[in-house]
Amino acid sequence: MTAKTAIPMRAHSKEHSHASLANCACESGPGGRKAAGVDPELKDANRRRLRRIEGQIRGLQKMVEEDRYCADIITQVASVQEALRGVARNLMKNHLRHCAAKALRSGKKEKTEAMYDELLELIYAHLR
């Protein structure tokens, strides 16, 4: 699943998000858009965290299969959700340092406005 299909958009914000997606500072190429830059430490941290989350998900599947106590499963689901939020925070940090900074420094009003719209949409939709 791509990031674009995983993001449920509100009807009134679709045109703003499409404009920001089309005009952001990220590089486009085969396979989709690429970040303007990626901090190696953040990438490594995200990869480690995602591998741990993968293990937690397998554990959740096992708990459900074994009819474990619902409250225990819910607690583990909350733990996975918090771990995913940590990945999202790292991605936002990288996005601000590279993609957003590049767009905002570009001096091009269209890119700047598109990035502001994209950042606001990300904050409203995902980083609550």
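1. A word on helix H3 (residues 40–65)
- Between its first and last C-alpha atoms H3 spans 38 Å; for 26 residues at 1.5 Å apiece the expected length is 38 Å, and the two agree.
- Of the positions making up H3, those classed as buried are Leu42, Asn46, Ile53, Leu60 and Met63.
- Summarising the contacts, the buried residues of H3 are in contact with helix H4 (70–105).

2. With respect to the nonpolar core
- Grouped together as the largest cluster of nonpolar side chains are seven residues: Ile53, Leu60, Met63, Ile73, Val80, Ala83 and Val87.
- Among the secondary structure elements, those contributing two or more residues to this core are H3 and H4.
- For this core, the leading source of residues is H4, giving four residues.
- Among residues more than four places away in sequence, those in contact with isoleucine 53 are Val80, Ala83, Leu84 and Val87.
- Formed by six residues, the second largest nonpolar core is a distinct cluster that contains Cys99, Ala100, Ala103 and Leu119.

3. Observations concerning the environment of lysine 93
- With respect to the secondary-structure elements, lysine 93 resides in helix H4.
- Using a relative accessible area of 37% as the deciding quantity, one classes lysine 93 as partly exposed.
- Along the backbone, lysine 93 and aspartate 39 are 54 residues apart, and their C-alpha atoms lie at a distance of 9.5 Å.

4. Focus on a nonpolar patch on the surface
- Judged by side-chain polarity, Leu120, Ile123 and Tyr124 come together as a nonpolar surface patch covering roughly 290 Å² of accessible area.
- Among the secondary structure elements, tyrosine 124 is positioned in helix H5 (residues 109–126).

5. Description of a positive patch on the surface
- On the surface, Lys34, Lys43, Arg47, Arg48, Arg51 and Arg52 cluster together into a positively charged patch.
- A total of five residues in the positive patch trace back to one element, the largest contributor, which is H3.
- Looking at where arginine 51 falls in the secondary structure, it is placed in helix H3.
- Accessibility expressed as a relative area gives 48% for arginine 51, which makes it partly exposed.

How each quantity is defined
Positions within a chain are numbered from 1, following the residues in the order the chain's sequence is written. Where local features are concerned, this predicted model is filtered to residues with pLDDT of at least 70; where side-chain atom pairs are given and counted, the filter is 80 or more; whole-chain, interface and lining totals use all residues. Heavy atoms throughout the structure, all of them, feed into the side-chain values; hydrogens and water do not. Only DSSP runs of H or I covering at least 4 residues are called helices, and only runs of E covering at least 2 are called strands; the numbering of each starts at the N terminus. Multiplying 1.5 Å by the residue count of a helix minus one yields the expected span of that helix. With a 1.4 Å probe rolled over the protein chains alone, any residue whose accessible area is under 20% of its type maximum counts as buried; one over 50% counts as exposed, and the rest are partly exposed. Contact definition: two residues touch when any of their heavy atoms are within 4.5 Å. Residues belong to one nonpolar core when they are buried, are Ala, Val, Leu, Ile, Met, Phe, Trp, Tyr or Cys, and are joined through side-chain atoms within 4.5 Å. The patches described consist of residues with a relative accessible area above 30% and no salt bridge, like charges being joined within 9 Å and nonpolar side chains (Val, Leu, Ile, Met, Phe, Trp, Tyr) within 5 Å. Under the convention used here, a 1.4 Å probe and the Shrake-Rupley method define accessible areas, while residue burial counts only the protein chains that appear. Just to be clear on terms, a salt bridge is a Lys or Arg side-chain nitrogen sitting within 4 Å of an Asp or Glu carboxyl oxygen. Positive charges come from Lys and Arg alone, negative charges from Asp and Glu alone, with His and the N- and C-terminal ends not counted. Lys charges are placed at NZ, Arg charges at CZ, Asp charges at CG and Glu charges at CD.

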